[in-house]
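Below, each chain spelled out in residue letters.
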Amino acid sequence: MNLIKKAIESLIIRVWYGQSQLSIFAAALLSPLSSLYQTIADNNKRKGIATRKDNLPIKIIVIGNITAGGTGKTPLLIALAQQLAAQGWKPGVISRGHGGLYLEAKGKGKGKGNENENENENENENGDGNKKASPTWVYADSDPFWVGDEPVHIAQALHSMPVIVCPRRIEAVDLLVKETDCDIILSDDGLQHYALARDIEVVLVDAARGFGNERLLPAGPLREPLERLNNVDMVVFNGEPSSELQSLVSKQRPHGQQAQYSLNMAITGLRDLRDNSLQPADLMYLNRYSVIHLVAGIGHPERFFNAVRLLLSSNENAPRIIEHAFPDHYSYKESDLSFADTDLASDLDKHAAIVMTAKDAVKCGSFKQNALPLYAIDVSANIDSQMTADLCAQLAS
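What comes next is a walk through the structure. (Residues numbered from 1 in each chain as written. Predicted model: local features only at pLDDT ≥ 70, side-chain atom pairs only at ≥ 80, totals over all residues. Heavy atoms only, no water.)

## Here we look at the packing of helix H3 (residues 73-86) against helix H5 (residues 149-158)
Now for step 1: For the pair H3 and H5, interaxial distance at closest approach is 10 Å and the crossing angle is 30 degrees. Taken together, the axes of H3 and H5 are roughly parallel relative to one another. Crossing of H3 over H5 shows right-handed handedness. Mapping the contact onto sequence places Thr 74, Leu 77, Ile 78, Ala 81 and Gln 82 in H3 and Glu 150, His 153, Ile 154, Ala 157 and Leu 158 in H5.
Now for step 2: Per-class residue counts for the contact of H3 with H5 are six nonpolar, three polar and one charged. (Axes fitted to C-alpha atoms, helices over the stretch in contact; angles between N-to-C directions. Helix = DSSP H or I, 4+ residues; strand = E, 2+ residues; numbered from the N terminus. Parallel < 35°, antiparallel > 145°, perpendicular 65-115°, else oblique. Left-handed = near helix turned anticlockwise from the far one by under 90°. Contact = heavy atoms within 4.5 Å. Nonpolar A, V, L, I, M, F, W, Y, C, P; charged D, E, K, R; others polar.)

Following this line, the structure appears as structure tokens:
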């Protein structure tokens, strides 16, 4: 099943971002479904984004994208939360908790960090009797399979800052306002969650991929038409954008009021999941191994693979690299990381190791039976300093 899912995802990526005639033809075949998607998007657009009608002394920033797949939203959110805290703000974070089992639960929340006893049960009922997942607190030691891997990763990175997951983000906002002293809330994703009123919208764009064939789902990667960029406050490129991509984004904002910035991901260290010890960011430590299994269950695994390959290629006696791409938010089992019996049957003899993203490590860090050592690569988002200054200026206005 996992192989079939990988094959389908690979095919979709080729259709969305490929230049071949076959990719163009496949996208054209899917265009009727994109027209249906356009109708739904237009209907949502007519409803409009909820406006702030409360008098709460709190600001809400939504960090999202208009394309499907990973663009680096979570590292950006972590970096912004840290910088805002350094400026004197008290950030809190809300998320849907994508992939978390709490979304499908038929009873109370469970697991460390999820006991919402009495008034905060993990379900409630709406008017038609359907049960819905309730706001759930997330801590550094919460179960990532229960509340989602990204929220736990955020909680671990931001330490004492409060994090809540809920499919209806306004309920998460209400709980943060009620039970914490937060004065600013960052929503991890949620650009298309129009029920959530917001003060500032930040859209992240993958500078390497751009907007693909610029078609709406499912023929292309767009969740919303490109014109949606006309309404956002900031566009942030993950990486250095081409002049063509910058021009395309600028055309969506004819009056030039939209701010554009760039960020770059930097590897900050190599973490041994057995004891959380840290090794330098140059990854020279990995030269002691003959084979490195790279594992990524993120929206754009190639970005991770390429970054690690580039860094290791500068090392003499660099190990051989074998890539293992898993679906985003994949629920790992220990058997998924049993690579000793794959195409390199002598991996153990060659002294191999497994290296994964920090998000994947949230789910795999507790695996104790794996024959190969597990490492995570920690990264941080380096933000344009002007972006932070402009963001603070908007918040003050």
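Still more ground to cover, so stick around.
## Side note on the pattern of salt bridges
Now for step 1: In the structure shown here, the tally under the stated rule is 15 salt bridges.
Now for step 2: With a closest N to O distance of 2.6 Å, Lys 359 and Asp 328 form a salt bridge. You can see Lys 359 sitting in helix H9 (residues 358-364) and its partner Asp 328 sitting in the loop between strand S13 (320-325) and strand S14 (352-357), a full 31 residues away along the chain.
Now for step 3: In this structure Lys 359 comes out as buried when scored by relative accessible area, which is 9%.
Now for step 4: We note a salt bridge from Lys 333 to Asp 336, for which the minimum N-O separation is 3.7 Å.
Now for step 5: By relative accessible area, which is 15% here, Asp 336 ends up buried.
Now for step 6: One salt-bridge network, held together by shared partners, links Arg 198, Glu 201, Glu 224 and Arg 228. (Salt bridge = Lys/Arg side-chain N within 4 Å of Asp/Glu carboxyl O. Buried < 20%, exposed > 50% of the residue type's maximum accessible area, 1.4 Å probe, protein only.)

## Here's the deal with the side chain of Asp 336
Now for step 1: Here Asp 336 lies in the loop between S13 and S14.
Now for step 2: A polar atom in the side chain of Asp 336 sits 2.7 Å from the backbone nitrogen of Lys 333.
Now for step 3: Not counting the four nearest positions on each side in its chain, Asp 336 is found in contact with Phe 326, Tyr 330 and Ser 331. (Polar contact = N/O pair within 3.5 Å; in protein donor to acceptor, adjacent residues only side chain to side chain.)

## A short note on helix H2 (residues 21-47)
Now for step 1: Over its 27 residues, H2 runs 38 Å from end to end, which matches the ideal 39 Å to within 8%, given 1.5 Å per residue.
Now for step 2: Where H2 bends most, the angle comes to about 45 degrees, and this point is Ser 31, followed within four residues by the proline Pro 32. (Expected span 1.5 Å × (residues − 1). Bend = angle between axes of the 7 residues up to and from the residue.)

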